[in-house]
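Geometric and topological summary
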Amino acid sequence: MKCHSQPYTAITPSVHGLICYGPPSKLMVYNPSTRRSIALPIIDAHRLRMYHYLGYDPIGGDYKMLCMSRGMHARRGRGLAHKIQVLTLGNGSSWRMIEDCPPPHSPESPHICIDGVLFYGGYLDTSTRLLRKDHVVMSFDVRSEKFGIIKVPSERATRFTRMTRYNRKLALMFTGYGGFGCGYSGYIELWVLEDAARHEWSNKNFVLPRLASRDTLFQVFCAIDDSGEFVLAPETLRAPTFYVMYYDPNKNSMRRVDIEGIADKKLQFWDDDSDRRTISIFPGHVENLLFL
């Protein structure tokens, strides 16, 4: 990808084959299958915190970018979402204000799009940031452009650090990263959304076997298929070989897959003088020949 300035970090998951990356003032949508990208119309951020989420409508075949600003709260430093806009990818598309007014909330970054519904984290009461009891999941129907609120079940569930897809359902994930770095057994805790209308969740916990590597921290993802496996990928890129590990909770077993070429020293990175390079992982990516 041609990156014109830093930081060009990928902050959205792969959505039906497309990836969004870049700062709010220079948002790009990239198709890894065709290696083509487009620049989205510029949004005037006014130095406010901006959040943008890429969604896909499987019925109409439309990709939509949801973008909102978040002001600053006078006491807690957290404000409500405002100037909520949406853009439909296509020739001549432009940003337009959203017609459906969502409940007052403060948006957060973890998000995912599942079967035409975009989910992202949020807070309803900006005055209780440290208590986290107001943490919710916001939903946005990509086709109808309607918002919804899903209550998070308990204090422990509000500690989730990632949204993922488990058995074709939304799941909030919390992992014990400290154990991985020490070479001890880690754990994965999932809160799976069973019924959005009734705010019903189920809890699942998995204990990982001891990992061979004692000096590597791992990112954990759910494999987006029917295997039920989890994918563990190193947080940083180091030579000589990049690899991922697959954990099967039914067999309590691990398997390692080496991926050659990624950690090649000939590749150019922004922090080429460092031996630690960050890497973005996109589980469940699909091939898409859409020509941008």
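See the structure printed just above.
As the structure is a computational prediction, the values presented were derived from the model and not from experiment. (Residues numbered from 1 in each chain as written. Predicted model: local features only at pLDDT ≥ 70, side-chain atom pairs only at ≥ 80, totals over all residues. Heavy atoms only, no water.)

Some details on the packing of aromatic side chains
Scanning all chains against the criterion turns up nine aromatic pairs. Taken together, a centroid distance of 4.5 Å and an interplanar angle of 15° make the contact between Tyr 53 and Tyr 120 stacked. Note that Tyr 53 is positioned in strand β4 (residues 49–57) and Tyr 120 in strand β9 (residues 117–123), a separation of 67 residues in sequence. Overall, the relative accessible area of 1% leaves Tyr 53 in the buried class. For the pair Phe 174 and Tyr 187, a centre-to-centre distance of 6.2 Å together with 45° between the ring planes defines the contact as tilted. In this pair, Phe 174 sits in strand β13 (residues 169–175) while Tyr 187 sits in strand β14 (residues 187–195), placing the two residues 13 residues apart along the sequence. Overall, Phe 174 belongs to the buried group, its relative accessible area being 13%. (Phe/Tyr/Trp six-rings, centres within 6.5 Å; stacked < 30°, edge-to-face > 60°. Helix = DSSP H or I, 4+ residues; strand = E, 2+ residues; numbered from the N terminus. Buried < 20%, exposed > 50% of the residue type's maximum accessible area, 1.4 Å probe, protein only.)

With respect to the sheet that holds strand β2 (residues 28–31)
Pairing in this open sheet of three strands is antiparallel, and the strands run β1-β2-β3 from one edge to the other. Of all strands in the sheet, those bounded by a partner on one side alone are β1 (19–21) and β3 (36–39). On average, adjacent strands in this sheet sit at an angle of 25° to one another, irrespective of strand direction. Here β1 pairs with β2 via three bridges, running antiparallel. Paired with Tyr 21 across the bridge in β2 is Met 28. (Pairing = 2+ DSSP bridges. Axes fitted to C-alpha atoms, helices over the stretch in contact; angles between N-to-C directions.)

Regarding the sheet that holds strand β5 (residues 62–70)
Where strands meet in a sheet, backbone hydrogen bonds hold them as pairs that are either parallel or antiparallel. What the four strands build is an open sheet, ordered β4-β5-β6-β7; its pairing is antiparallel. Strands at the two margins of the open sheet, each flanked by one partner only, are β4 and β7 (96–97). Two elements, strand β6 (residues 81–88) and β7, share two bridges in a ladder whose sense is antiparallel. When the sheet's bridge partners are listed, Val 86 is paired in β7 with Arg 96.

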